[in-house]
Amino acid sequence: MSIVRVRFAPSPTGHIHVGNVRTALFNYLFAKNQNGTFILRIEDTDLERSSIENENIIYEDLMWLGLEWDEGPVVGGNYGPYKQTERTLIYKKYLDKLLEEKKAYYCFCSKEELDAQREKNLQEGKNPIYSGKCKNIPLAEARQRIEQGEKAAIRFNVTESEVKVKDILKGEIDFPTNMFGDFIIVRPDGTPVYNFVVVVDDALMKITHVIRGDDHLNNTPKQILIYKALGFELPEFAHIPMILGSDHSKLSKRHGDTSVNQFRQKGYLPEAFFNYLALLGWSHPEEKEILSRQELINAFSLERISKSAAVFDFDKLNWMNGIYIREKNIDELYSVAKGFIKCVELSKYDEQWLKNVVFSVREKISVLSEIDEHIKIFFKQSEPDDESIKLLNLETSSAVLERYAEEIKKFETLTVDDYKAITKIVGDATGAKGKALFMVLRIALTGQRTGPDMDKIATLLSPKTQIERINNVLRFIKK
Ligand code: GLU
């Protein structure tokens, strides 16, 4: 058995989409499970749409998710360069070989000519494929014409009538070659196309398994023809079904966030996102759902990838992220959450107190960007709404608040036990209980009817602050 070598080959034409990163993740899990090598290759032949900024975001996003590549840009390796724009001479060598062996030919047909031919074919009910007009131009003559300034594409000379694609997930599929005819491998402007460069790269980088989205399935027969023409050994193929949105159409912006970067900015934890993506179209043999990176690596197999498309479930991702948030200890949580706190200037507060504040709301949040919404009560009293005002206007409310303020006056800080004892005293003295006691206190201290547990609020806010807030409310009630 050869050593497994797999690759993720993004084009830096935009941010990485969840579908692509899931492909990267399956490649990574497979490589690690097999003690193989995970390679990153940047497919930047589309010069107009590719950019260094996008390329850097790809690196950042992959690193954020912990999908570290064993070979590729930045880290290097024995089969580089790992960016297609740096491999031009390599491609030229293989193109010359195909041209000289008449497995490819120069095509001088103009766009107008090709369009007209295409139109004619369609009208006659034929496949709109290339006629083969330039196939027999001798190579020497073609080269001369190019030297004299003519522009030409290079087409692959398809001689077989059918190509069999063997796919680990989809089984064997026959593709008649009259679906595509003599396809272009180099554009008239001289840039080689994906189907050609991908084969040269995968073969020279000794890729054993090509694992990619099934939107590429139709490209695979063309690629197989090129492998054969160049005498390269075929890798194994696994085409992974797409990811769909809740309405079962292809996942797109309409459904919500789709780029890894957006998920990162919203405050999903990389380990939760990793876990969620792994289960998007793959399942654990025992149907376990919360799985560490190592557990996923150990359990991963290509055979367990689902044959049907996976539906992206934002609720499930949020649920899972919440679980990972709650698994963090106080220091870990603060270190990942502090970058998301925008409602206050952190340097103005004691760090341990901030940690306690963040930790107190961890049950309430599913993504870190929600943190501000929940911790703002610790920094500022908000205005009660109508429903809250009704509660503040209960007969016992003033007495509850006055007595509570009186009781906490003597404390520097409150413990949970202090808070419990004090509320008991206040309840006994005023006859208020349930909502009339606890909800009234909550509204007075925070302005809201929901939030972290009251004992947390009472222990985190200084008695001085609590008294100030209560006095504000009392003035408001008595107006
Ligand atoms: N650059 C291609 C893409 O991003 C790679 C496809 C492949 O894995 O062969 O879709």
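Check the entry above for the structure.
Here is a short report on the structure shown in this document. (Residues numbered from 1 in each chain as written. Predicted model: local features only at pLDDT ≥ 70, side-chain atom pairs only at ≥ 80, totals over all residues. Heavy atoms only, no water.)

A few words now on the sheet that holds strand β7 (residues 184-186). What the three strands build is an open sheet, ordered β3-β4-β7; its pairing is antiparallel. Whereas interior strands pair on both sides, the edge strands pair on one side only; in this sheet they are β3 (104-107) and β7. The sheet shows a mean angle of 40° between the axes of neighbouring strands, taken without regard to direction. Looking at chain direction, β3 and strand β4 (residues 153-156) are connected through four bridges and run antiparallel. Within β4, the residue paired with Tyr106 across the bridge is Ile154. Running at roughly 95° to β3, helix α3 (residues 88-100) makes contact with β3, β4 and β7 of the sheet. (Pairing = 2+ DSSP bridges. Helix = DSSP H or I, 4+ residues; strand = E, 2+ residues; numbered from the N terminus. Axes fitted to C-alpha atoms, helices over the stretch in contact; angles between N-to-C directions. Contact = heavy atoms within 4.5 Å.)

It is worth spelling out the pairing of strand β6 (residues 171-176) at this point. Both strand β5 (residues 162-167) and β6 contribute to a ladder of six bridges, which runs antiparallel. Its bridge partner being in β6, Val163 is matched across the sheet by Phe175. Once β5 ends, the chain turns through three residues before running back antiparallel as β6.

Moving on, we come to the nonpolar core. As a rule of thumb, nonpolar side chains are buried together in soluble globular proteins. Grouped together as the largest cluster of nonpolar side chains are 103 residues, with contacts concentrated most on Leu62, Leu67, Phe378, Leu401 and Tyr404. Excluding anything up to four places from it in sequence, Phe378 contacts Trp353, Val357, Ser360, Val361, Pro452, Ile457, Leu460, Leu461 and Arg469. (Core = buried A, V, L, I, M, F, W, Y, C linked by side-chain atoms within 4.5 Å. Buried < 20%, exposed > 50% of the residue type's maximum accessible area, 1.4 Å probe, protein only.)

By secondary structure assignment, the location of Arg22 is in helix α1 (residues 18-33). Here Arg22 is buried and forms no salt bridge, its nearest opposite-charge partner Asp214 lying at an N-O distance of 7.2 Å. From its side chain, Arg22 meets the backbone oxygen of Leu280 in a polar contact 2.7 Å long. Setting aside anything within four residues of it in sequence, one finds Arg22 in contact with Ile240, Pro241, Met242, Ile243, Leu277, Leu280, Gly281 and Ala310. (Lys, Arg positive; Asp, Glu negative; His and termini not counted. Salt bridge = Lys/Arg side-chain N within 4 Å of Asp/Glu carboxyl O. Polar contact = N/O pair within 3.5 Å; in protein donor to acceptor, adjacent residues only side chain to side chain.)

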